[in-house]
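A structural walkthrough
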Amino acid sequence: MMKSLINLMWFPLLLAILVPAIWSQQPYVLSMFTDALTIGALALAWAMLGNLGGMVSFGHSAFFGTGAYISSMLAMNSGMPVLLSMLCGGLAAAVTTLLMLPTLRLKGTYFALAILAYSQIFRVLAVQLEGITGGSAGLSGISSLPNVMGFALSSKLGVYYVILALVTLFLLIYAALARSDYGLALKAMHDSEAATQVAGVNSLLLKALVLLLSAFMTGLVGAFNAHHMNFLEPDYAFNASWVIVPIIAAIFGGFRSLNGPLIGALVVYLTDQLLFKVLFPTGHQMILGGLLVVMILISPRGLLPLLRSAQRRFYRAKA
C-alpha cells in the first residue's frame, strides 16, 4: 500500500517542492505552472471517465462552466466563504449529471455528442438568464481566494498551491476508485458490459457514479478558475478549449495511467506556451495536433508508458 502511494504521489510532491523553490520570485512562470496544472486537473477528470467508465466526453465544459457560475454567484450574492462556495460549485456540477442520465444508455460517439449538446445548452442558458448570470457581459469582481492563517491564497504562489492541492486530491480519488471493487467492476464493464450485467452488476449505476465524480472534479476546477480570474462570461466558461486541451494532454501523457494526464498537461501546455506560441503565434495550436498524432504513432499508450519502457531498457542494458 505504501509503495503504491509513493509511486502515485512522487510527481505532485516534486512539483510542490521544486517549482516554488526555483520560481517563487518569478510570477509569470508560476502562472504558467498554475495554468498547466489547471489543464492537468481537467485531464485527470476526463481520463477517469474514459479509463474507468469507458465513456468519451466532448462536453466537460458544461461541468466547468456550471461550477464556475454557481460558486461565483454564491460568493458574490450570499457572502458565502469562497472555499465553501467552490465546494458547492463542484456539487452543483455533479447534480447536473442527473439531467444527463438518459445519455448513459448511449455508447461511443453518440454519448460524446450528447454531452457536447448539453454544454451548448448550458452556454445558451448562461447568456439568456441575464438577471442571474449577467448574460453575455458576464460577471466581474468575483470574490478572490481568501487568506488562510495569514497566507494569501489569491497570490501567485497561493493559487499555485491551491490547484496543486486539487490535483493531488483528484489523483487520490482516481486511485481509490480504480483500486476499489467499484473500479474493478467498471474495468470489467468497459471490457464487456453485457458480461457484467449477466453477473449482476448494475452497469448504469456504475457509469452514473463515475460521471458524477468526473463532473464534481471538473466543476471544482471551474470554481477555482473563476475565483482566480475574478471574471466570468459564457463564452469563456463553456469554451471548448476546456475539453480539447485536456483531452490532448491526457492522451499525450497516457490517459490509462494515473500520473499520465498530469505529466501530459505540463509537457503539452508548457511546450505550447513557451515554444510553439513564440515560433508560431497564430497557428501554434495546430502544432499540438501534430504532436499528438506523432505520439500516437510512436506510443499509442502515451508518454509516461514510453518513458517507463525506456527506463526498463536502460537498466537492462546496464545490467
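As a starting point, this report considers the structure included with it. (Residues numbered from 1 in each chain as written. Predicted model: local features only at pLDDT ≥ 70, side-chain atom pairs only at ≥ 80, totals over all residues. Heavy atoms only, no water.)

1. Topic: helix H10 (residues 203-229)
Given a rise of 1.5 Å per residue, 27 residues ought to cover 39 Å, and the 39 Å separating the end C-alpha atoms of H10 matches this to within 8%. Just past H10, the residue asparagine 230 takes up positive phi, approximately 65°. (Helix = DSSP H or I, 4+ residues; strand = E, 2+ residues; numbered from the N terminus. Expected span 1.5 Å × (residues − 1).)

2. So, the layout of surface pockets
The space that makes up the largest pocket amounts to roughly 530 Å³. Lining the largest pocket are 20 residues, with Ile39, Ser241, Val245, Tyr269 and Gln273 positioned closest to its centre. Of all the secondary-structure elements, those providing two or more residues to the lining of the largest pocket are helix H2 (27-53), H10, helix H12 (241-253), helix H13 (260-279) and helix H14 (284-298). If you tally residues by element for the lining of the largest pocket, the top one is H12, at five residues. (1 Å grid on protein atoms, 1.4 Å probe; cavity = no way out; pocket = protein on both sides within 12 Å on 5 of 7 lines; lining within 4 Å. Points joined across faces, edges and corners; volume = space filled by probe spheres on them.)

3. Some words on the packing of H12 against H13
Axis separation between H12 and H13 bottoms out at 7 Å; the angle between their running directions is 115°. The pairing of H12 with H13 is recorded here as roughly perpendicular in orientation. H12 and H13 meet at a crossing whose hand is right-handed. Packed against H12, whose contacting residues are Ile248, Ala249, Ala250, Phe252 and Gly253, the element H13 presents Gly260, Pro261, Gly264, Ala265, Val267 and Val268 at the interface. (Axes fitted to C-alpha atoms, helices over the stretch in contact; angles between N-to-C directions. Parallel < 35°, antiparallel > 145°, perpendicular 65-115°, else oblique. Left-handed = near helix turned anticlockwise from the far one by under 90°. Contact = heavy atoms within 4.5 Å.)

4. What about unusual backbone geometry?
In the Ramachandran plot, methionine 149 falls in the positive-phi region, its phi being about 55° despite a non-glycine side chain. Position of methionine 149 among the secondary structure elements: in the loop between strand S2 (147-148) and strand S3 (151-152).

5. Some thoughts on the side chain of threonine 97
Note on placement: threonine 97 falls in the loop between helix H4 (82-95) and helix H5 (109-128). Setting aside anything within four residues of it in sequence, one finds threonine 97 in contact with Phe63, Leu211, Leu212 and Ala215.

6. Considering the environment of glutamine 26
Structurally, glutamine 26 can be placed in the loop between helix H1 (2-23) and H2. You can call glutamine 26 partly exposed: its relative accessible area is 38%. A sequence separation of 130 residues divides glutamine 26 from lysine 156, and the C-alpha atoms of the two residues are 9.2 Å apart. (Buried < 20%, exposed > 50% of the residue type's maximum accessible area, 1.4 Å probe, protein only.)

7. Overview of the packing of H2 against H12
Across the interface, H2 lies against H12 with an axial gap of 8 Å and an inter-helix angle of 75°. Judged on the interaxial angle alone, H12 and H2 are roughly perpendicular. Residues Thr38, Ile39, Leu42, Ala43, Trp46 and Ala47 of H2 form the contact with H12, whose own contacting residues are Trp242, Val245, Pro246, Ile247, Ala249, Ala250 and Ile251. Across the contact of H2 with H12, the residue classes break down as twelve nonpolar, one polar and no charged. (Nonpolar A, V, L, I, M, F, W, Y, C, P; charged D, E, K, R; others polar.)

8. Side note on the packing of aromatic side chains
The relative placement of two aromatic rings is captured by the distance of their centres and the angle of their planes. Under the defined criterion, the tally for this structure stands at seven aromatic pairs. Both rings, one in phenylalanine 64 and one in tryptophan 242, keep their centres 4.2 Å apart while their planes meet at 20°; by these two values the pair is stacked. Remark: tryptophan 242 occurs in helix H12 and phenylalanine 64 occurs in helix H3 (residues 61-77); sequence separation between them is 178 residues. For the pair phenylalanine 64 and tryptophan 242, one class covers both residues: buried. Here tyrosine 69 and phenylalanine 238 contribute two aromatic rings whose centre-to-centre distance is 6.1 Å and whose plane-to-plane angle is 15°, an arrangement assigned as stacked. Separated by 169 residues along the polypeptide, tyrosine 69 in helix H3 and phenylalanine 238 in the loop between helix H11 (234-237) and H12 bring together distant segments of the chain. By relative accessible area, which is 4% here, tyrosine 69 ends up buried. Residue classification places phenylalanine 238 among the buried residues on the basis of a relative accessible area of 5%. Through successive ring pairs, a cluster of aromatic residues spans Phe64, Tyr236 and Trp242. (Phe/Tyr/Trp six-rings, centres within 6.5 Å; stacked < 30°, edge-to-face > 60°.)

Honestly, that's just the spatial picture; any functional story needs more than this.
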